[in-house]
Amino acid sequence: MQIATAVGEGVRVFLSAPLVSIMYAGTFMLAGVGLLGALVSLGFSPMGLPLIGGFMLIAPGLLAGFFAISRVRRRGGKPGIRDVAAGFVNTPRDLWGLMLVCGFVFVIWMTDAGILFSFMVGDSSSDWSLLLPLSGTVLRFHVGVSIAGGFFALIVFFVTAYAVPLLIERRAGLVVAVNASVRAVFHSFFTNMLWALVLAATIMLSIAIPLLLPVTLPVMAYASESIYRKVFPAPTPS
């Protein structure tokens, strides 16, 4: 599994359907900017980093839309927003169940971050600069939440890395897909951990610099699909 090759494939797929990819990913950019703006206006600026990191806990569910774009493209069609919507409409219930669990983990993560914020920072300030660890107090808070968030993110990655694509394509049920995902991650542990690090760093940086997200999110999604197809090749017709 070559990460550089997968990213190159992600770029190639993105360039073959740039408009719909940007439009789809752009909705999450706008939502992210709105949520970060709300945190700042309410005086909870340091909570912005946990929110950005928490996106990685629910992001696997977005693959349904990107897989739909890729599927239409492979069939020679011109993908559009209707195809993205159809990708979610046709999503199996098992995947919705898995994403519900990821959403629950996200809530736990944000609750823990909020508790740490109240103990370690406490005061409210409507200042965008506090999104970054520019003071000792905020730095200690971000280190603390990063340790806890990394634990949650690692669990979600193990469970969803390959289970989500398997469920999207209805190649397995929930239990089998999750088991296959965990086994696949362990099988190429260091490569998968490197990919998880590249994926998380790229997406989190792109959320912090929102104009990057409509490009990097599709590229990383298509790269993830490329890795999935190398680990779980499509069955050969008999």
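Look up: the structure comes first, before these words.
Being a predicted model, the structure only gives us computed values, none of them experimental.

Focus on the overall build of the chain
A count of helical and extended segments in the chain gives 11 helices and 0 strands. Across the chain, helices and strands are ordered from the amino to the carboxyl terminus as α-α-α-α-α-α-α-α-α-α-α. For 238 residues, the compact-globule estimate of 2.2 N^0.38 gives 18 Å, and the C-alpha radius of gyration of the chain, at 18 Å, lies within 12% of that figure. Principal-axis analysis of the C-alpha atoms gives the chain an extent of 65 × 35 × 35 Å. Relative to its full complement of 238 residues, the chain shows a buried share of 44%. Within the chain, residue pairs in contact and separated by at least 24 positions form 78% of the contacts whose partners lie at least 6 positions apart. About 12100 Å² of surface is accessible on the chain, with carbon and sulfur atoms providing 71% of the total. Of the charged side chains in the chain, 14 are positive and 8 negative; the average position of the first set lies 13 Å away from that of the second.

Here we look at unusual backbone geometry
The residue Arg170 is not glycine, and still its phi comes out positive at about 55°. Along the chain, the position of Arg170 falls in the loop between α8 (163-168) and α9 (174-187).

Here we look at the side chain of Ser21
When you line up the elements, Ser21 lands in helix α2 (residues 18-41). Classification of Ser21 as buried rests on a relative accessible area of 0%. Setting aside residues up to four positions removed in sequence, Ser21 forms contacts with Phe14, Phe66, Ile69, Pro214, Pro218 and Tyr222.

Focus on the environment of Ser146
Tracing the backbone shows Ser146 in helix α7 (residues 136-160). By relative accessible area, which is 42% here, Ser146 ends up partly exposed. Sequence separation between Ser146 and Leu49 is 97 residues, and the spatial gap between their C-alpha atoms is 8.8 Å.

Here is what the cut-offs are and how they apply
- Residues numbered from 1 in each chain as written.
- Predicted model: local features only at pLDDT ≥ 70, side-chain atom pairs only at ≥ 80, totals over all residues.
- Heavy atoms only, no water.
- Helix = DSSP H or I, 4+ residues; strand = E, 2+ residues; numbered from the N terminus.
- Rg over C-alpha atoms; globule rule 2.2 N^0.38 Å.
- Buried < 20%, exposed > 50% of the residue type's maximum accessible area, 1.4 Å probe, protein only.
- Contact = heavy atoms within 4.5 Å.
- Areas by Shrake-Rupley, 256 points an atom, 1.4 Å probe, with all protein chains shown as cover.
- Lys, Arg positive; Asp, Glu negative; His and termini not counted.
- Charge placed at Lys NZ, Arg CZ, Asp CG, Glu CD.

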